[in-house]
Amino acid sequence: MFKIGLTGGIASGKSTVLTYFKDKGIPYIDADIVAREVVEPGTEGLEAIVDAFGSNVLHDDGTLNREALGAIVFHNEEKRQLLNGCLKTHIRNRILELTSQYESVNTPILIYDIPLLIEGEWFTMMDEVWLVYVNEPTQIDRLMSRNGYTREDALARINSQMRLDDKRSFADLIIDNNGTPCDLLARLNSIWEEHIEPILRESK
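Model, not experiment: these values are computed from the prediction.

K.L.:
I keep staring at the environment of Arg-66 and nothing clicks. Help me out?
P.N.:
Checked against the element boundaries, Arg-66 lands in helix α4 (residues 66-73). For Arg-66, a relative accessible area of 41% corresponds to the partly exposed category. Beyond its immediate sequence surroundings of up to four residues, Arg-66 is in contact with Arg-36 and Val-39.

Next up, the structure:
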């Protein structure tokens, strides 16, 4: 099974890239979905978060209040690392479990959409790492227009992640998304023809 690690940053367009390959039937593991699964009520992940941050990060029905938790961790690197520590093992175990399921049915290609692909050293188990790249001014502009953030809020969210420029050295393939949606589509079409179709042909 050929493993592709897809990474990017906030407002880089990674979700758009993943949707392109999803629509073409390529299976994927979305770490954000996994991260939600491991903090459902009754899970060890949610229990770990409450132990670390208190019950103020819960809604009245016992589900996680993501807004309250986000307000704590976005502007505090130490708290963000604490959160990652709470969930790292639970997320890793679930992703490895899903990987085994795909391997057991001879899946030819699997895409891993993992925001912390580099930081969490997931890149070491990938056959290729694909980086969706935009420059910082583009990130800021997109966050301000898309989410209504102030420049300060946009920068705080960008700075809470590893810089995209620092991720470039880990990437086997860089998907530049500084241009228009049409530019991105053309790039993805060529990636499909040059990278994906040969693997699919070989697996038949």
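K.L.:
Teacher, can you tell me more about the nonpolar core here?
P.N.:
Grouped together as the largest cluster of nonpolar side chains are 27 residues, with contacts concentrated most on Ile-49, Leu-69, Ile-95 and Ile-114. Top element by residues in this core is helix α5 (residues 77-104). It accounts for six residues. For Ile-114, the residues in contact, after removing those within four places along its chain, are Leu-6, Thr-7, Ala-31, Ile-95, Trp-122 and Met-126. Grouped together as the second largest cluster of nonpolar side chains are 19 residues, Val-17, Ile-109, Ile-111 and Leu-188 included.

Quick notes on the rules
Residues numbered from 1 in each chain as written. Predicted model: local features only at pLDDT ≥ 70, side-chain atom pairs only at ≥ 80, totals over all residues. Heavy atoms only, no water. Helix = DSSP H or I, 4+ residues; strand = E, 2+ residues; numbered from the N terminus. Buried < 20%, exposed > 50% of the residue type's maximum accessible area, 1.4 Å probe, protein only. Contact = heavy atoms within 4.5 Å. Core = buried A, V, L, I, M, F, W, Y, C linked by side-chain atoms within 4.5 Å.

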